[in-house]
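# Commentary on secondary and tertiary structure
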Amino acid sequence: MVSSRLDLPSVLEVTERELRAVLPMDVFFACLYDAETNMFTDHWVYDSGVRYHEPATSARKGLFATEVVETGEPMLLNRSADEIEITRPVLPLGDVTKTSASLMYAPLKVGERVVGVVSVQSYSLNAYGADHLNLLMGAANQVVIAVENARLYAQVQQRAAELSTLNEIGRAVSSRLDLDSVLEITYQQMQRSLPLDSFFVCFYDAETDLIAFPLLYDAGVRYEQPDSPLDRQTFLGQTIEFGAPQLLNRTPEELEKPLNRRPVGDPTRSSASLMFAPLRSGARVIGALSVQSYTVNAYTDDHLSLLTGVAHQVAVAIENARLHTEIQQYAEELEQRVEERTAELRQALIRAQEADRTKTDFVTNVNHELRTPLSNLKLYLRLLHKGHPEKRDFYLDTLDREINRLSVLVEDTLALASLGRHAPNWEVIDLGETARDAVTRFTALADGRQIALSFNPPDDEAPIRAEPDQIMRVFVNLLGNALTYTPSGGKVSLSVEVRDAGGGRWVVLTVRDNGPGIAPEDQKQIFTPYFRGQVGTESGVPGSGLGLAIVQEIVALHDGRIDLESALGEGAAFHVWFPLVAGVPVRAHEAQES
């Protein structure tokens with residue numbers, strides 16, 4: 001009955017069922033023996049009616065199955081109750097909590113070659129005799145014929161599957177021109193064709209002697225593996241170095257030893273079976289494919305032959321994909337260059353238009369801002385000549401105020417226009433010391449207006465690369481505004497500190513007051529030239545509306561930035577950020593004062 005079966009599971013399943021019908025049996029055990037690896041494989045175990053799945057095992061000394069393989073003779077053992085307690089090594093199969101009292105083993109022989117073992121066992125004492133053993137031997141002779149037929153059939157099926165796999169992979173990858181798709185399809189086909197837990201594709205660059213891993217799967221999880229130098233002592237390194245495929249089936253004992261390879265994928269697990277096949281482009285090795293399994297003896301030479309054929313097709317597809325990618329990249333680069341050049345020309349036109357518009361706006365604003373004080377000067381000069389004599393002092397005070405306003409406007413306009421038009425006199429200065437000087441300058445003004453002016457210096461030097469006169473202008477404008485708009489009895493503070501932000505180190509200057517604050521709608525335009533917000537307009541305090549615009553321009557020239565935080569009725573705080581200069585001595589404070 002079994003000789004007509006072509007698949008091994010069916011053969012052993014029928015054998016177990018037939019023997020159970022004619023023999024007293026608690027345990028049925030069958031396995032195949034691989035002489036090259038000295039391993040028992042394809043275990044088929046029934047214990048008390050329960051099917052057990054067992055891993056491949058080394059045919060080590062002391063096992064009854066090993067003795068049968070070595071002698072080629074059957075074995076009958078009826079153990080006494082006392083002998084059951086003897087701890088002779090046995091193959092731990094099935095229910096390991098029970099010990100068989102009666103055991104029979106028969107070799108599966110093809111000619112003089114033992115290709116496996118079949119065993120029937122019972123938990124009852126003296127269950128078997130010579131007739132039972134002859135019956136088992138007869139069954140073994142039938143089983144081995146079916147086993148060989150199944151093996152031959154499996155080999156034919158495997159070869160057909162390999163050819164089908166090669167055909168499918170060749171058709172799939174040849175129709176793809178993007179490299180990622182080629183590699184992903186290869187992995188999927190290998191999953192269907194080979195027992196695998198780990199799979200990777202690596203590329204080798206002979207110029208840099210580096211290997212890259214564009215695709216790496218381990219236990220179904222995709223890993224990102226960094227580029228690394230080629231280690232020629234590893235199996236991968238030898239495959240690339242000599243351009244030859246490699247197959248390694250490690251024994252359970254060898255798995256206890258460290259593997260001669262760099263960890264890829266899951267570093268906590270070690271592969272028991274490994275195959276490597278080179279990827280060739282002509283005579284040049286451009287990388288390798290690797291298929292690995294955590295199962296012992298997972299691969300044969302037939303598997304390696306399949307992987308080598310796949311590697312050949314994949315290498316051709318990779319070269320096609322690379323060529324296609326290079327053409328695509330060149331086309332994209334050319335298109336990008338055209339777009340960039342077009343964008344540059346467009347931006348140049350926009351800048352030219354903006355420059356023209358800025359020039360027009362500047363002339364318009366200057367004309368508007370100059371017109372008001374000039375009109376007032378004309379008016380009060382006329383009143384001075386023809387007005388009431390008793391108001392002469394009032395007229396003169398107004399003329400003096402308008403002249404000062406005009407002077408400030410002209411001075412600030414010239415200052416704003418001249419920023420960045422001359423080569424800066426760069427020096428490394430201590431912003432903390434410069435801030436201290438500025439506070440000293442404004443102390444008398446603060447005292448006169450009954451405003452508390454405080455200074456919080458940095459813990460250490462705060463060096464920045466700057467033009468000292470421009471930095472002092474920043475202090476003058478910010479402190480001047482704060483003292484101007486802070487009412488009597490108010491507070492103005494100046495602080496300097498070093499901060500880490502955005503991956504760099506900064507010296508941060510903060511000027512804070514508890515004045516009327518700045519309305520949200522005014523904050524959007526506060527740095528716009530000639531703009532004066534609601535507070536400035538209603539205060540009646542003369543100003544050009546250029547102070548903060550000048551500060552922003554100076555800060556930008558120093559590669560810094562300025563931030564504002566304010567709310568109506570809660571004062572305002574300006575934060576100015578300058579890049580800190582490390583490791584450069586600052587200019588001596590005495591020289592700065594001179």
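These remarks concern the structure in this document. (Residues numbered from 1 in each chain as written. Predicted model: local features only at pLDDT ≥ 70, side-chain atom pairs only at ≥ 80, totals over all residues. Heavy atoms only, no water.)

Helices and strands together make up the secondary structure of the protein chain, namely 15 helices and 21 strands. Once local pairs closer than 6 in sequence are excluded, the contacts in the protein chain between residues at least 24 apart make up 65%. Summing over all exposed atoms, the protein chain offers an accessible surface of approximately 31,800 Å²; the carbon and sulfur share of this is 52%. (Helix = DSSP H or I, 4+ residues; strand = E, 2+ residues; numbered from the N terminus. Contact = heavy atoms within 4.5 Å. Areas by Shrake-Rupley, 256 points an atom, 1.4 Å probe, with all protein chains shown as cover.)

Moving on, we come to the pattern of salt bridges. Applying the stated criterion across every chain, the model contains 10 salt bridges. The salt bridge partner of Arg-232 is Glu-241, with a shortest N-O separation of 2.7 Å. Taking the relative accessible area as the measure of exposure, Glu-241 reaches 41% and is therefore partly exposed. The salt bridge involving Glu-565 is made with Arg-512; its shortest N-O contact spans 3.8 Å. Of this pair, Glu-565 sits in strand 20 (residues 561–566) while Arg-512 is found in strand 19 (residues 504–513), placing the two residues 53 residues apart along the sequence. (Salt bridge = Lys/Arg side-chain N within 4 Å of Asp/Glu carboxyl O. Buried < 20%, exposed > 50% of the residue type's maximum accessible area, 1.4 Å probe, protein only.)

A surface patch of nonpolar side chains, amounting to about 310 Å² of accessible area, comprises Tyr-330, Leu-334 and Val-338. Structurally, Tyr-330 can be placed in helix 8 (residues 301–386). Relative accessible area serves as the criterion here: at 54%, Tyr-330 is assigned to the exposed category. (Patch = residues over 30% accessible without salt bridge, like charges linked within 9 Å, V, L, I, M, F, W, Y side chains within 5 Å.)

We now examine the packing of aromatic side chains. Considering all chains together, one arrives at 10 aromatic pairs under this definition. Look at Tyr-187 and Phe-199: their rings are 5.5 Å apart centre to centre, the planes differ by 40°, and that puts the pair in the tilted class. One end of the pair, Tyr-187, is in helix 5 (residues 179–193); the other, Phe-199, is in strand 8 (residues 198–205), and 12 residues separate them in sequence. Residue classification places Phe-199 among the buried residues on the basis of a relative accessible area of 0%. Taken together, Phe-200, Phe-213, Phe-235 and Phe-276 form an aromatic cluster joined through their ring pairs. Its end group placed over the ring of Trp-44, Arg-51 keeps NZ or CZ at 3.4 Å from the ring centre. Looking at Arg-561, its charged tip hangs above the ring of Trp-506, at a distance of 5.7 Å from the centre. (Phe/Tyr/Trp six-rings, centres within 6.5 Å; stacked < 30°, edge-to-face > 60°. Lys NZ or Arg CZ within 6 Å of the ring centre and 35° of its normal.)

This brings us to unusual backbone geometry. One non-glycine residue with positive phi stands out, namely Asp-42, at about 50°. On the secondary structure map, Asp-42 appears in strand 2 (residues 39–47). One non-glycine residue, Ala-219, adopts positive backbone phi at about 55°. Among the structural elements, Ala-219 can be located in the loop between strand 9 (210–218) and strand 10 (221–222).

Reading across from one edge, 16-18-19-21-20 is the order of the 5 strands in this open sheet, with mixed pairing throughout. Edge positions in the sheet fall to strand 16 (452–456) and strand 20, since each of these pairs with one other strand and no more. Mean inter-strand twist for the sheet, computed between neighbouring axes without regard to direction, equals 20°. With 6 bridges joining them, strand 20 and strand 21 (residues 572–579) adopt antiparallel strand pairing. Each bridged residue has a counterpart across the sheet, and for Arg-561 the counterpart in strand 21 is Trp-577. (Pairing = 2+ DSSP bridges. Axes fitted to C-alpha atoms, helices over the stretch in contact; angles between N-to-C directions.)

Moving on, we get to helix 6 (residues 235–242). All of the buried residues in helix 6 are Phe-235, Leu-236, Gly-237, Thr-239 and Ile-240. Turning to helix 6, the residues buried within the fold contact strand 8, strand 9, strand 12 (246–249), strand 13 (273–281) and strand 14 (284–293). A positive phi of about 65° marks Gly-243, the residue just after helix 6.

Turning next to the packing of helix 10 (residues 431–448) against helix 11 (residues 468–485). Two elements in contact, helix 10 and helix 11, have axes whose closest approach is 10 Å; the angle formed by their N-to-C orientations is 40°. For the pair helix 10 and helix 11, the sense of crossing is right-handed. Of helix 11, the residues touching helix 10 (which contributes Leu-431, Thr-434, Ala-435, Asp-437, Ala-438, Val-439, Arg-441, Phe-442, Leu-445 and Ala-446) are Ile-471, Met-472, Phe-475, Val-476, Leu-479, Gly-480 and Leu-483. A breakdown of the residues in the contact of helix 10 with helix 11 according to their chemical character gives 13 nonpolar, 2 polar and 2 charged. (Left-handed = near helix turned anticlockwise from the far one by under 90°. Nonpolar A, V, L, I, M, F, W, Y, C, P; charged D, E, K, R; others polar.)

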